[in-house]
Amino acid sequence: MASKLQELKWQAYNYKSRKLLLWGLKKSYITPYNDELIKKLRTIYDGGIPASILLLSDGMSNGFCYDRALLMARAFLDEDVDVKLLYASVDCLRLNPKLITSLNPNYADHCVVCITSKLGKQFIIDTSSGFIYDKNLYFLMEHPKIRKINDKDAIIKFVESQKHYYPEDIENDKYIAPSILPIIEMTYGQKNELYSMEGIELLQREIEHFKEVINYDKVCHEIDEDMEKLRLKK
């Protein structure tokens, strides 16, 4: 059970974090994913689903920072910017009373993407929150204690090494879509699903776009036919 001091620290963190988030959004030091980035993510896949869908879905991103930060970093590997993966403990996990008692010594470990532009401007992309932050503001909010950094070369080498084991073949992988997309569609408008809220609806747009790309109705029909054949063989 968390101590009174731990509870007070958690309350203070949440108060400050909300204030800085609202201020950052108002001043554009914090921004949502922009359309250029989202469209670039359409061509990056994980398990047959585009990153543009996975990274706009809170349910598919929040809590999976290692995989999703890597997925986001891949969008910048062919651009003239510096990209790094930062592994660090952060306040939103470190101060959470529900996690402090965890037996896992790495309970506060998190992974984010750090981008440095050609002009030297630095940003943090946190795929768990779904926002892009000015680096200084993010460090003020989360006080990350960095334990490891993977630079651009290391990320490229890792991605290349995985292609042998997990080749991307959308023509084959697209058949997983009818199992995954309905689960995501059920979350539309939920409290934490920022990108599916009424008036924003970017997640809906990306799912509809992907359905057109793979001819979703045809894929579903083919799966139904295969299932029917299996039933007839029994």
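Notes on the structure follow. (Residues numbered from 1 in each chain as written. Predicted model: local features only at pLDDT ≥ 70, side-chain atom pairs only at ≥ 80, totals over all residues. Heavy atoms only, no water.)

Let's talk about the overall build of the protein
For clarity, the threshold we go by: The helix count covers DSSP runs of H or I at least four residues long, the strand count covers runs of E at least two residues long, and both are numbered beginning at the N terminus. Partly exposed residues are those whose accessible area sits between 20% and 50% of the maximum for their type, while under 20% is buried and over 50% is exposed, using a 1.4 Å probe and protein chains only. Whether two residues are in contact is decided by their heavy atoms, any of which lying within 4.5 Å being enough.
Along its length, the protein carries 13 helices and eight strands. With respect to the principal axes defined by its C-alpha atoms, the protein has extents near 65 × 45 × 40 Å. By the burial criterion, 41% of the 234 residues in the protein qualify as buried. Taking contacts inside the protein between residues at least 6 apart in sequence as the whole, the part at least 24 apart equals 67%.

Describing the pairing of strand β5 (residues 109–116)
In terms of burial, β5 is a largely internal element, eight of the eight residues being buried. What you see with β5 is no split at all: Asp109, Cys111, Val113 and Ile115 on one side and His110, Val112, Cys114 and Thr116 on the other are buried throughout.

Some points on the sheet that holds strand β8 (residues 145–150)
Applied cut-off: Strand pairing is assigned whenever DSSP detects at least two bridges linking the two strands. To get an axis, a line is fitted to the C-alpha atoms, and for a helix only the part in contact is used. The angle between two axes follows their N-to-C directions and goes from 0 to 180 degrees.
Taken together, the six strands give an open sheet; going across it, the order is β1-β7-β6-β5-β4-β8, and neighbouring strands pair in antiparallel fashion. Each edge of the open sheet is held by one strand with a lone partner, namely β1 (30–32) and β8. Strand-to-strand twist across the sheet, computed as the mean angle between neighbouring axes with direction ignored, equals 30 degrees. In the sheet, β5 pairs with strand β6 (residues 122–126) via four bridges, with the strands oriented antiparallel. Within β6, the position partnered with valine 113 by the bridge is isoleucine 125. The strands touched by helix α1 (residues 4–27) within the sheet are β1 and β7 (131–134), with β1 carrying the most contacts at an inclination of about 75 degrees. Against the sheet, helix α8 (residues 135–142) makes contact with β1, β4 (82–89), β5, β6, β7 and β8, and its axis sits at roughly 100 degrees relative to β7, the strand it touches most.

Regarding the layout of surface pockets
Applied cut-off: Only protein atoms enter the calculation, which uses a 1 Å grid: trapped sets of points that fit a 1.4 Å probe without letting it out are cavities, open sets showing protein on both sides within 12 Å along at least five of seven lines are pockets, and any residue with an atom within 4 Å of a point is a lining residue. Grid points are joined across faces, edges and corners, and a volume is the space filled by probe spheres set on the points. Each residue gets one of three labels, nonpolar for Ala, Val, Leu, Ile, Met, Phe, Trp, Tyr, Cys and Pro, charged for Asp, Glu, Lys and Arg, and polar for the others, Gly among them.
In this model, the largest pocket occupies a volume close to 880 Å³. Around the largest pocket, the lining comprises 34 residues; the ones closest to its centre are Asp58, Asn62, Cys92, Ser128 and Ser129. If you list the elements that add at least two residues to the lining of the largest pocket, you get α1, α4 (58–61), α5 (65–73), α6 (91–94), β5, β7 and α8. The greatest single-element share of the lining of the largest pocket, amounting to six residues, is contributed by α1. Of the residues belonging to the lining of the largest pocket, the class tally is 16 nonpolar, twelve polar and six charged. As a volume, the second largest pocket reaches approximately 610 Å³. Looking at the lining of the second largest pocket, the elements that each hand over two or more residues are β2 (45–46), α5 and α9 (152–165). Looking at side-chain class alone, the lining of the second largest pocket contains ten nonpolar, four polar and seven charged residues.

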